[in-house]
Amino acid sequence: MLTMEALPMHRRAPDIGFPRGWYCVAESEKVTADEMLPVSYLDEQFIVYRGPDGTAHVADAFCPHLGAHLATLDGSISEGKITCPFHKWSFDGATGRCVDIPYTKVMVPGSVKLKVYPTREIDGMVLAWYHPEGEEPDFEPWSRESLDVDAPWIPHSTTFRESTCPYRDLFENLFDTAHVQQLHGSNFLPTIESMERTSFGMHARFSPPTGERFPVTGLENMFTGVSLMTQLVTGDGFGFLQSVSATPIDHERFVQVSRLYVRDMGSPELNEALGKPFADNTAFETDKDFKVLDFKKHLARPQLCAGDGPIMKWRSYQEEFYA
Ligand code: FES
Ligand SMILES: [Fe+2]
């Protein structure tokens, strides 16, 4: 079989920067109070950590003194105070303010700060706010707490994927209804019942699939901007929730993480019996998507025909988030 490389991104999609929004930079369980987690996203590097009260924070990885990466050598965090490995300046982890320089009494004015990003922790994700011009958040992420369900959501499985799909074309795939039949081989053509602009982004309702493996009665997607999406699948006596984040690493690739939750059926065996086929099927179909998406070009003016789904409607929503 041929091995093929994706064309470099500048040949497949013009660089229009990253959209403003809430980006998942870490899974909650990976973030602790006594260690900085170094991560590389959005063509930058960040550190993720917790304050003494457990609050998650995301900050620039580079010290404002002389630019050392704070999580190198013996860079440390203790009681919410970050100490740089290079000249041991310390910063308050919540505000970023410089609080100590061990070798001078002439304190640098309080204006010397480590950049701390607006951070939220929801649905098992640590989210950092990104704005191309550094502006403050103008919306809040959707959270599954807003759902009124009678049983808790039990985590089933988490899938990490790195993709070279043009970032702006990822969620568009959900509105490309024709590929559901043609690529996934579904015997049913989904229709989108509504696409509603909300405070967090968009709420889309799909007609429930018929004749599929799971007797689904409700299918809806909540988009936080264009970087997070939660899909709620409901049926008679069961429910699935898929919390999907997509965070660019740089202009060439992004990481997509998909976390599957099953509405508690009352026993681990039942949850597994329901969760496993759903997870396996999702992984199988998503792999198919990425086998195409990873190599595709972004076409500003695609040649659409009747039956193609509201792709341009999604794009006009998405454009709001690009500068
Ligand atoms: S570079 Fe961090 S203290 Fe000097
Ligand atoms: Fe698909």
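Computed from a prediction, not measured in an experiment: that's the story for all the values here. (Residues numbered from 1 in each chain as written. Chains lettered and ligands numbered in written order. Predicted model: local features only at pLDDT ≥ 70, side-chain atom pairs only at ≥ 80, totals over all residues. Heavy atoms only, no water.)

Focus: the environment of S78
Right, on to step 1. Secondary-structure assignment places S78 in strand β5 (residues 76-78).
Right, on to step 2. For S78, a relative accessible area of 45% puts it in the partly exposed group.
Right, on to step 3. Along the sequence, S78 and R12 sit 66 residues apart, while their C-alpha atoms lie 45 Å from each other. (Helix = DSSP H or I, 4+ residues; strand = E, 2+ residues; numbered from the N terminus. Buried < 20%, exposed > 50% of the residue type's maximum accessible area, 1.4 Å probe, protein only.)

Re the nonpolar core
Right, on to step 1. Of all hydrophobic cores here, the largest spans 59 residues; its most connected members are F175, F223 and W314.
Right, on to step 2. The element contributing the most residues to this core is strand β11 (residues 125-130), with 6 residues.
Right, on to step 3. A domain split of this core shows at least three residues from each of domain 1 (17-130) and domain 2 (144-319).
Right, on to step 4. Sequence-distant contacts of W314, defined by excluding residues within four places in its chain, comprise F171, E172, F175, M195, M202, F223 and V226.
Right, on to step 5. Counting 18 residues, the second-largest nonpolar core is a separate cluster that includes I77, F91, L114 and V116. (Core = buried A, V, L, I, M, F, W, Y, C linked by side-chain atoms within 4.5 Å. Domains from an automatic or database assignment. Contact = heavy atoms within 4.5 Å.)

A look at the domain arrangement of the protein
Right, on to step 1. Taken domain by domain, the protein holds domain 1 (17-130) and domain 2 (144-319).
Right, on to step 2. With 14 residues of domain 1 at the contact, the number on the domain 2 side is 20 residues.
Right, on to step 3. When domain 1 packs against domain 2, the two sides together hide about 1500 Å² of surface, and 61% of this comes from carbon and sulfur.
Right, on to step 4. At the junction of domain 1 with domain 2, the criterion picks out 1 salt bridge.
Right, on to step 5. Between E27 and R259 there is a salt bridge; the shortest N-O distance is 2.8 Å.
Right, on to step 6. Taken together, domain 1 and domain 2 are joined by 7 residue pairs in polar contact (both at pLDDT 80 or more).
Right, on to step 7. Those elements that place two or more of their residues in the side of domain 1 that touches domain 2 are β1 (21-27), β2 (37-41) and β11.
Right, on to step 8. In terms of residue class, the side of domain 1 that touches domain 2 is built from 9 nonpolar, 2 polar and 3 charged. (Buried area = accessible area lost by both parts, 1.4 Å probe. Salt bridge = Lys/Arg side-chain N within 4 Å of Asp/Glu carboxyl O. Polar contact = N/O pair within 3.5 Å; in protein donor to acceptor, adjacent residues only side chain to side chain. Nonpolar A, V, L, I, M, F, W, Y, C, P; charged D, E, K, R; others polar.)

Observations concerning helix α4 (residues 311-319)
Right, on to step 1. Along α4, the residues that are buried comprise I311, W314, R315, Y317 and Q318. Viewed along the axis of α4, the buried residues span an arc of 160°, placing them on a single side of the element.
Right, on to step 2. Residues of α4 that are buried make contact with β13 (192-197), β14 (201-206) and β15 (216-224). (Arc of directions from axis to C-beta.)

Observations regarding the pairing of β2
Right, on to step 1. Pairing analysis gives 5 bridges linking β2 to strand β3 (residues 44-50), with the strands arranged antiparallel. Counterpart to P38 in the pairing with β3 is I47. (Pairing = 2+ DSSP bridges.)

What to know about the coordination of the iron ion (ligand 2)
Right, on to step 1. Around the iron ion (ligand 2), the donor atoms from the protein are N173 (OD1), H179 (NE2), H184 (NE2), D289 (OD) and D289 (OD), and they sit 2.1 to 2.8 Å away.
Right, on to step 2. Sequence spacing among the residues donating to the iron ion (ligand 2) works out to N-x5-H-x4-H-x104-D. Taken together, the positions of N173 in the loop between β12 (153-163) and α2 (177-182) and H184 in the loop between α2 and β13 put the pair 11 residues apart, joining distant regions of the chain. (Donors = N, O, S within 2.8 Å, 3.2 Å for Na, K, Ca; no water.)

Remarks on the pattern of salt bridges
Right, on to step 1. All chains considered together, the criterion is met by 15 salt bridges.
Right, on to step 2. By sharing partners, the salt bridges in this structure join E162, D250 and R253 into a single network.

Regarding the sheet that holds β1
Right, on to step 1. With antiparallel pairing, 3 strands are arranged side by side in an open sheet as β1-β11-β10. Every interior strand has two partners, whereas the edge strands, β1 and β10 (119-122), have only one. Each strand axis lies, on average, 35° off the axis of its neighbour in the sheet, ignoring direction.
Right, on to step 2. Across 4 bridges, β10 lies against β11 in antiparallel orientation. Among the inter-strand pairings, E121 is bridged to a residue of β11, identified as V126. (Axes fitted to C-alpha atoms, helices over the stretch in contact; angles between N-to-C directions.)

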